[in-house]
Each structure stands twice: as C-alpha cells, then as structure tokens.
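# Fold and geometry: a report
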Amino acid sequence: MIPSRGAPGMQKRIIEFLFPEETDKWLAVLRIGLGFLVTIYTLFLWSDWHYLFASTGKGLLSRQLGEAMASFDSPVIPKLGWLVTLGGYAHIGEDAVLSISWACLLSMGLLLLLGIFCRQAAVIAWFLHLCAAESGGLFAYGADNFITTGLFYLMLSPLPDRYSLDHRFLKIRLKDASLFGFWRRVLQVHMCFVYFVGGLAKCLGSGWWNGSNLWLSLTRPPFNLISPDVLVRFKYALPIIGISICLIELGYPFFIWIKKTRLIWLICILAMHAVIGLAMGLYLFALVMIVFNLAAFGFGMSKGPTVATDAPKVDSGEQHPNVSGLRRGASPFHG
Amino acid sequence: MPSKRIYASWFTAHFFLLAAVCAAGIFSLVAQGSTILPSTLEGCAHKAELVAAFILGKEAGASSPVRQGIATYLHAAGIQTGYTFFAPNIPGYHKLTLELYYPDGTVEYDSPHVSGKAAALRLASLLDRLADERYEPVREVVVKMLVLSVWRERPEVKKVRAIFGTVSSPDITDFEHGRGESFQPMFSYDFSVREGDTHDDAHIP
C-alpha cells in the first residue's frame, strides 16, 4: 500500500517501481505468444476434446465430477457446464456446445496472434480456457495455470499494442506508457515468485543436490523421451545440472533485476525451459514459460528505446529519464 | 488512467494472496516431512500452513462469501496452486492396470487411454493425483469411470479388476546393475456387470 504521509521518499520509490514508462514491445510478445499457445493448446487437444469434457458415461471421466470439485471451492468459478446449460436453452446439444467452445477458443487464439479485437479476444480466451481448465481440473497440470494467469494479465493489460492489426488498421490509440510499465512489473514480479518458490522447494529436496531427481524426472513416463542408457553416460553431470537448476531458479528474483547479470540469467532460464520442453515433452509448459520470460525481462530491457505512445502523458509527478528497463532506485533491492 | 493508488492496492492484494498460496505450498512440504529440514520444524511448519490457509479463507465455512470470493479470484487468476513443481523430490509414477475377464475365461490387460500425447500427459497427471490422500474420497468413483471408458469399447467383458499402484523407478546405480521398475499396488477394485449396471467391491491391500 502507498503510504500517504511521513514517507514521501518511499512513496516516490514505490511509484517509480510500479509505474515505469515502458514501450509496448513486451505486450506484443505476450499477446502473440499467448495467441500461439492458445492455438496449439486447442489443436493439440482436438482429438480428445470431447472425450475429456463429455458428461458422465460418455467420455474418459466425467465433466461433472471436475466441475463438482471446482464448485466445492466456489460455485461461481466458470465451467464448461455453464455453456452446456446455456446451450440447452437454445436446444443445442452437449457435443455441439463442446465443439463450438473448442472452435471459439481456437479462433480467439488466432485473433490474439494477429491482434484483431485484442481485448475482446483476450477476455473470451481467458474465460473459455478457464472453463476448460476447471471442468477438466483433474486432468490439469502446471501449464494450464500459467496459461490462465497469462490470459488474466493480458486481458487486463493496456491492449492494443502497436504491432496489432487493431492499432495498424483500426487506428486504436495506444495507452499511457506508465500503464504498460505497470503491467510489465506485474508479470516481472510474478515470475520472481514462480522461480523463487520453485527454486526454494527444489533446494529442500535432497535429490536435487545429488542429481537423483534429475534422473527420476527424465526417466519417469510420460517424460522419458531420452533413453536411460544415454543419461547414464552423463551421470557425473547430473548433480551439477541439478544444483545449477536450483541456483538459477532461486537466484532469479535477485539476478534478473541487475543489469549486468540479467542477460545471462535470462539465457540460462530460457535454455532450461527449452531443454525441459525437448527432453521431457512438456512443450506447452516450456513455451508458456519462455513467452513469459521474454515478455517480462526479454524485449526492451537491456537497451533503452524511446517510449512512443499516442496517448497524452498522464501527470504522475515523476520524471522518467530512462524509460526502459529498471532504473537505479526502481529496483526492489535498492534502498 | 484511474488512480495509481487503485492499481497499487490491487498489486499489493494480488501478490499478498500469491505469497500466501506459495507459502502454504512450501510449509505443507515441510510439515509432511518430505524435505531435508529437521523434523523438529514440522510442527512449526504445520502451524504456519494453517496461518496461510486462514489468510486464504480456507478455515472459514464452505459457504462463506470471503472463502468463495478468494477462491474464485485465485482460480480466475490461475494462482490457486503454488509453484512447487518437481519438488522437493520426484515420487514414483502411478499406473492403473485393468484385468478384463471375458465370459470364456480369457483375461486381457489394458489401461485407460487417450488419442493424443497432450491428453496422455493429462491422464498421467490424473493418476498421480489419485495417489494423493486429498483425493481419497473420489478415488473409487474416478477409477469406476476410467473402467467404464474401457468397458464401453469391450461390452462383452463380464468383470474388470482395476489395480492402482505406484511404480518406483530404479536409481541410476540400480539401473546400471540391471534392476528395473518395481510396482507396489495401493488399492484395487472389482467391477462386474449386474443387469445393465456395474457392481464394485473395493480391495485395499
């Protein structure tokens, strides 16, 4: 919370940290990346979509069971069952509703990719993806939560960006630069939480220090894409890689903010996710993390491009001499 | 642009909740004794986990608007679970084997399956969840539905025994000595056809 009295210096630093002026490049990366992710998410699940989300007795499990479990947390969490009920009023069957939902989600992914009706597409994509993730809650894994989070931030972000067709052809004005900065900060801080917690939890397990967890992760189905015989050849490297993963993740919230170490940390974390994706078959998970990292700390962080926005500058009472990246004094680790 | 105070307030509340979710996840691991930390910390971790649960409204009644409001927000933002992936240690994976008994005495083995690799990953995630104590109340109904999915493809089958268990992979030294995976059954259920319906008996070894 911003203290209003007694600490004007602190208030200024918090404002500077939360509302740096930024370009919209990162938002374009997030939009295009999430558009691509939503598109491949729907395409990958096409053959099993009905099987996963059908009602009791028709599919692999039961959509109603997942929805009942989500309703235990809260009855107002969106679910595919809402759309099926709605379709029932219009005499549209369950199969047709599921097909329409799938087609809509695919269309929203493509619209986000191109930047057409960005805000509407982001809201609908978030809603439909959330419905699918909650109705299939028993089948969900980490990538689903990250996609929901990404779409949640995207729909609240100051869309459109300059690379979207909305801006180029419909001439929709860009928003205030400090708003771009705020939402990038949200994503940046979120990534710091993700890696710090992930790194800390790994450090608390003995298996990450002696390489056994890495061995087990890479040999357990369905992640066993590499032959164990190949892994055995690199057995002396496994503890080093395991410890490196712990340190890279745990150190992320510190070293990613420091200009000198940012690039190397970013490269390490991107390489880690690329290897996870290729070696374990977690393509969607790897892609979502790569997109988040590129949007949060990749584009426009190391150099200082000029902020160009159509919107009149909002008087924040602050001066922003360096509009890109983290200014001295804006880091949470500066006093 | 709306007041920066509103944005700042949302930022604080959002990350406060995320911190509570993440803390609850970490404290839960420590409280379960699955970390390298000394066991004397387990009691403290359990208390800290309860504090985090209280912050998230989980100690309130199921119909509490505060609890439901927080839960809805967490799900909407995709932050209802922490980020303790593949940590602190990697457990064995889980397998559901179905013994299909035909009227002529033939026995076949199968397991629930999906078409695509993306869905196969989700099926593995479901099986790992079933082993979790928190999912104990829904285990039987989930297994029954998975059995039904296979039964629909083979309506002539008269009885199905579903055996769920953990598969422990060998460590690298054991693998080098030629040891393979080992299967430890956790529970099993028998399902049989009874006039158009199924009858089930649970066997928990």
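None of the values given here were measured: they were computed from a predicted structure. Residue positions are given per chain, counted from 1 along the sequence in the order it is written. The lettering of chains begins at A and the numbering of ligands begins at 1, in the order of writing. Two thresholds apply to this predicted model, a pLDDT of at least 70 for residue-level local features and 80 or more for giving and counting side-chain atom pairs, whereas whole-chain, interface and lining totals are computed over all residues.

Comment: elements are numbered from the N terminus, with helices defined as DSSP H or I runs of at least four residues and strands as E runs of at least two. A count of helical and extended segments in chain B gives 6 helices and 5 strands. Walking chain B from its N terminus toward its C terminus, one meets helices and strands in the order α-α-α-β-β-α-α-β-α-β-β. Here the globule rule is a power law, 2.2 Å times the number of residues to the power 0.38, and the radius of gyration is based on C-alpha atoms. At 22 Å, chain B has a C-alpha radius of gyration far larger than the 17 Å of a compact globule built from 205 residues. Seen along its three principal axes, the alpha-carbon backbone of chain B occupies a region of about 75 × 50 × 35 Å. Put simply, a residue is buried when 20 or more other C-beta atoms lie within 10 Å of its own C-beta and exposed when 12 or fewer do; between those, it is partly exposed, and each C-beta is set from the backbone. Considering chain B as a whole, with its 205 residues, one finds that 28% of them fall into the buried category. Remark: residues whose backbone-derived C-beta atoms lie within 7 Å of one another are considered to be in contact. Pairs at least 24 apart in sequence give 53% of the contacts found in chain B among residues at least 6 apart.

Our next topic: the overall build of chain A. Along the backbone of chain A there are 16 helices and 0 strands. Looking at chain A residue by residue over its 335 residues, the buried ones come to 51%. Of the contacts formed within chain A by residues at least 6 apart in sequence, a portion of 72% connects residues at least 24 apart.

This part takes up the pairing of strand 2 (residues 107–110) of chain B. Regular strands show a simple pattern: their side chains alternate between the two faces of the sheet. Residues and elements named next belong to chain B. Note: two strands are recorded as paired if DSSP finds a minimum of 2 bridges between them. Where strand 1 (residues 93–101) meets strand 2, 4 bridges bridge the pair, whose relative direction is antiparallel. Directly across from Glu-99, in strand 2, lies its bridge partner Tyr-109. The hairpin turn running from strand 1 into strand 2, its antiparallel successor, is 5 residues long, and Gly-105 in that turn takes a positive phi close to 95 degrees.

The set of residues buried in helix 4 (residues 63–73) of chain A consists of Arg63(A), Gly66(A), Glu67(A), Ala70(A) and Asp73(A). Buried residues of helix 4 of chain A, seen end-on, are gathered within an arc of 100 degrees and therefore sit on one face of the element. Contacts from the buried residues of helix 4 of chain A go to helix 3 (49–53), helix 5 (80–89) and helix 7 (118–135) of chain A together with helix 3 (65–77) of chain B. The arc under discussion is defined with respect to the helix axis, by the directions toward the C-beta atoms.

So, on to the nonpolar core. Here, a nonpolar core means buried Ala, Val, Leu, Ile, Met, Phe, Trp, Tyr and Cys residues linked by C-beta atoms lying within 7 Å of one another. By size, the foremost hydrophobic cluster in this structure holds 134 residues, and its most contacted members are Leu37(A), Leu112(A), Ala122(A), Ala125(A), Val288(A), Val291(A) and Ala162(B). If you tally residues by element for this core, the top one is helix 10 (residues 177–203) of chain A, at 13 residues. Setting aside its immediate chain neighbours within four residues, Ala122(A) contacts Leu112(A), Leu151(A), Leu154(A), Met155(A) and Leu159(A).

Time to look at the interface of chain A and chain B. Taken together, the contact pairs 64 residues of chain A with 62 residues of chain B. In terms of residue count, the dominant contributor to the side of chain A that touches chain B is helix 10 of chain A (11 residues). Tallied by class, residues from the side of chain A that touches chain B come to 39 nonpolar, 18 polar and 7 charged. Residues are grouped as follows: Ala, Val, Leu, Ile, Met, Phe, Trp, Tyr, Cys and Pro are nonpolar; Asp, Glu, Lys and Arg are charged; all remaining types, including Gly, are polar.

Let's shift gears to the confidence of the model for chain A. The predictor attaches a confidence to each residue, and that confidence, scored 0 to 100, is pLDDT. Here chain A averages 87 in pLDDT, while 88% of its residues score no lower than 70. Segment residues 304–335 of chain A is flagged for pLDDT under 50; beyond a separation of four residues in sequence, or across chains, it makes 61 contacts in the model.

It is worth spelling out helix 2 (residues 25–45) of chain A at this point. In this analysis, the expected span of each helix is defined as 1.5 Å times one less than the number of residues it contains. With 21 residues, helix 2 of chain A should reach 30 Å at 1.5 Å per residue; the first-to-last C-alpha distance of 30 Å fits that figure. Counting buried residues along helix 2 of chain A, 16 of its 21 residues qualify, which places the element largely inside the surrounding structure.

Residue and element names in this part refer to chain A. Fitted lines through C-alpha atoms give the axes, limited to the stretch in contact for helices. The angle between two N-to-C directions lies from 0 to 180 degrees. Close contact between helix 5 and helix 6 (residues 94–114) brings their axes to 9 Å; oriented N to C, the two are set at 125 degrees. Here helix 6 runs oblique to helix 5, going by the angle between their axes. For helix 5 against helix 6, the interelement crossing comes out right-handed. Residues Leu-80, Leu-83, Val-84 and Gly-87 of helix 5 form the contact with helix 6, whose participating residues are Glu-94, Ala-96, Val-97 and Ser-101. Taken together, the residues of the contact of helix 5 with helix 6 break down into 5 nonpolar, 2 polar and 1 charged. The cut-offs work like this: below 35 degrees is roughly parallel, past 145 is roughly antiparallel, 65 to 115 is roughly perpendicular, and the gaps in between are oblique. By convention the crossing between two helices is left-handed if the near helix lies anticlockwise of the far one by an angle smaller than a right angle, and right-handed if it lies clockwise.

What follows is about the confidence of the model for chain B. Close reading of the predicted structure is inappropriate where its pLDDT is low. Considering every residue of chain B, the mean pLDDT works out to 89; 93% of them sit at 70 or more. At the level of chain-chain contacts, confidence expressed as ipTM amounts to 0.90, with global pTM at 0.89.

Mapped onto the elements of the fold, Met301(A) is located in the segment after helix 16 (283–298). For the pair Met301(A) and Ile267(A), spaced 34 residues apart in the sequence, the C-alpha separation amounts to 13 Å.

Okay, the environment of Pro185(B) next. Among the secondary structure elements, Pro185(B) is positioned in strand 4 (residues 182–194). In this structure the C-alpha to C-alpha distance between Pro185(B) and Ala53(B), which are 132 residues apart in sequence, comes to 33 Å.

What follows is about the packing of helix 2 of chain A against helix 8 (residues 142–156) of chain A. All names here are of chain A. Axis separation between helix 2 and helix 8 bottoms out at 11 Å; the angle between their running directions is 140 degrees. Judged on the interaxial angle alone, helix 8 and helix 2 are oblique. Judged by the sense of rotation from one axis to the other, the crossing of helix 2 with helix 8 is left-handed. Packed against helix 2, whose contacting residues are Leu-30, Arg-31, Leu-34, Leu-37 and Tyr-41, the element helix 8 presents Ile-147, Gly-150, Leu-151 and Leu-154 at the interface.

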